[in-house]
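Below are the chains, spelled out letter by letter.
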Amino acid sequence: MALSSHSKKTESLLLTDQLKTEVADKSTQAQNFLSKSFNDYKNICFATSMGAEDMVIYDLINKMNRTIEIFTLDTGRLHAETYELISHVNSNFKNKIKIFFPDASEIKKYVDNKGINDFYNSLDSRKECCRIRKIEPLKKALKGHDAWITGLRAEQSITRSNQKLNVRDSNFEIDKISPLLNWKEDEIWAYIKINHVPYNKLHDHFFPSIGCQPCTRAISLGEDIRAGRWWWENPENKECGLHKK
Ligand code: SF4
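Residues numbered from 1 in each chain as written. Predicted model: local features only at pLDDT ≥ 70, side-chain atom pairs only at ≥ 80, totals over all residues. Heavy atoms only, no water.

(A) Fine view of the side chain of Asp118. In this fold, Asp118 is placed in the loop between helix H5 (104-114) and helix H6 (123-142). Among buried Asp, Glu, Lys and Arg side chains, Asp118 stands out as unpaired, with Lys114 the closest opposite charge at 4.3 Å. Side chain to side chain, Asp118 and Asn121 meet in a polar contact 2.7 Å long. Among the polar contacts listed, one links the side chain of Asp118 to the side chain of Ser125, at a separation of 2.4 Å. (Helix = DSSP H or I, 4+ residues; strand = E, 2+ residues; numbered from the N terminus. Buried < 20%, exposed > 50% of the residue type's maximum accessible area, 1.4 Å probe, protein only. Lys, Arg positive; Asp, Glu negative; His and termini not counted. Salt bridge = Lys/Arg side-chain N within 4 Å of Asp/Glu carboxyl O. Polar contact = N/O pair within 3.5 Å; in protein donor to acceptor, adjacent residues only side chain to side chain.)

(B) Here's a closer look at the environment of Asn234. Relative to the assigned elements, Asn234 resides in the segment after helix H7 (185-195). With 111 residues separating them in the primary sequence, Asn234 and Leu123 have C-alpha atoms 9.9 Å apart.

(C) Focus on the site of the ligand. Taken together, Phe119, Arg126, Cys129, Cys130, Arg133, Lys134, Cys212, Cys215 and Trp230 make up the full set of residues adjacent to the ligand. For the shell around the ligand, the per-class residue count stands at 6 nonpolar, no polar and 3 charged. (Near = heavy atom within 4 Å. Nonpolar A, V, L, I, M, F, W, Y, C, P; charged D, E, K, R; others polar.)

(D) Local environment of the environment of Asn182. Note that Asn182 resides in the loop between strand S6 (174-177) and H7. As for Asn182 and Ala154, which are separated by 28 residues in sequence, their C-alpha atoms are 6.2 Å apart. The residues contacting Asn182, other than those within four sequence positions of it, are Lys26 and Glu187. (Contact = heavy atoms within 4.5 Å.)

(E) Spotlight on unusual backbone geometry. Backbone geometry places Asn65, a non-glycine residue, at a positive phi of 60°. Checked against the element boundaries, Asn65 lands in the loop between helix H3 (52-63) and strand S2 (69-73). Residue classification places Asn65 among the exposed positions, given a relative accessible area of 63%. Positive phi, normally seen in glycine, also occurs at Phe206, with a value near 70°. Examined against the element boundaries, Phe206 turns out to sit in the segment after H7.

(F) How the structure looks around the packing of aromatic side chains. A full pass over the atoms with the stated rule returns 9 aromatic pairs. Residues Tyr58 and Phe93 carry aromatic rings whose centres are separated by 5.8 Å and whose planes lie at 85° to one another, so their mutual orientation is edge-to-face. With Tyr58 in helix H3 and Phe93 in the loop between helix H4 (80-92) and strand S3 (97-100), the pair connects residues that are 35 residues apart, well separated along the chain. Classification of Tyr58 as buried rests on a relative accessible area of 3%. Look at Phe93 and you get partly exposed, because its relative accessible area is 27%. A centroid spacing of 4.9 Å and a plane angle of 90° characterise the contact between Trp231 and Trp232, whose relative ring orientation is edge-to-face. Of note, Lys201 hangs over the ring of Tyr199, and the distance from its end group to the ring centre comes to 4.2 Å. (Phe/Tyr/Trp six-rings, centres within 6.5 Å; stacked < 30°, edge-to-face > 60°. Lys NZ or Arg CZ within 6 Å of the ring centre and 35° of its normal.)

Here it is, written out as structure tokens:
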């Protein structure tokens, strides 16, 4: 889906009665689904990338008065705006976001052998960097949990269009819950606007999808919302391995 506006995401969004009703209905459905998941699993956790969808889930969980383990991955290459948001959330809300880091010796080996930005040079090198900085820390974070909640939406990319609300994630041998799978981009931003949810300021600067700073760029009007992620690669490769098909 293309980005539709070049002004501040929440200010430019027109909250029609229809949109408000859709968001209210979908919020109730998502909370019911989360509530069922909290009952079904003994040790569920929420992995947040601090993107707009994940801030919606964070707010839904807070409104349910639930305390579950919530974590993010600090790859060491995030934008300053992402660190600002993590700091803001952890200073102002009860549900604290735990931070997981990559193994420093693995990063050193990669950088010593290949260089600090070798991920631009080949798909293999990019996947190796994502493995070290994202996948291995995620494995550590998921250890001991029986399910994880993610902010995936089906319309985000062709690699996500076949996802389901609840699937067995064979990559990590754990169930994966995606309560916002059927939400549209406008509904995400309407929720944020209605509920005054804090969000990453890069979203106001044409970054609909935010990852590591060297691998994320702003998009142009009409471009796909994930066009700014690993923009030098083919669309079918645009995942870091956290959410394989
Ligand atoms: S997104 Fe880029 S910098 Fe971040 S882990 Fe993957 S290749 Fe490395």
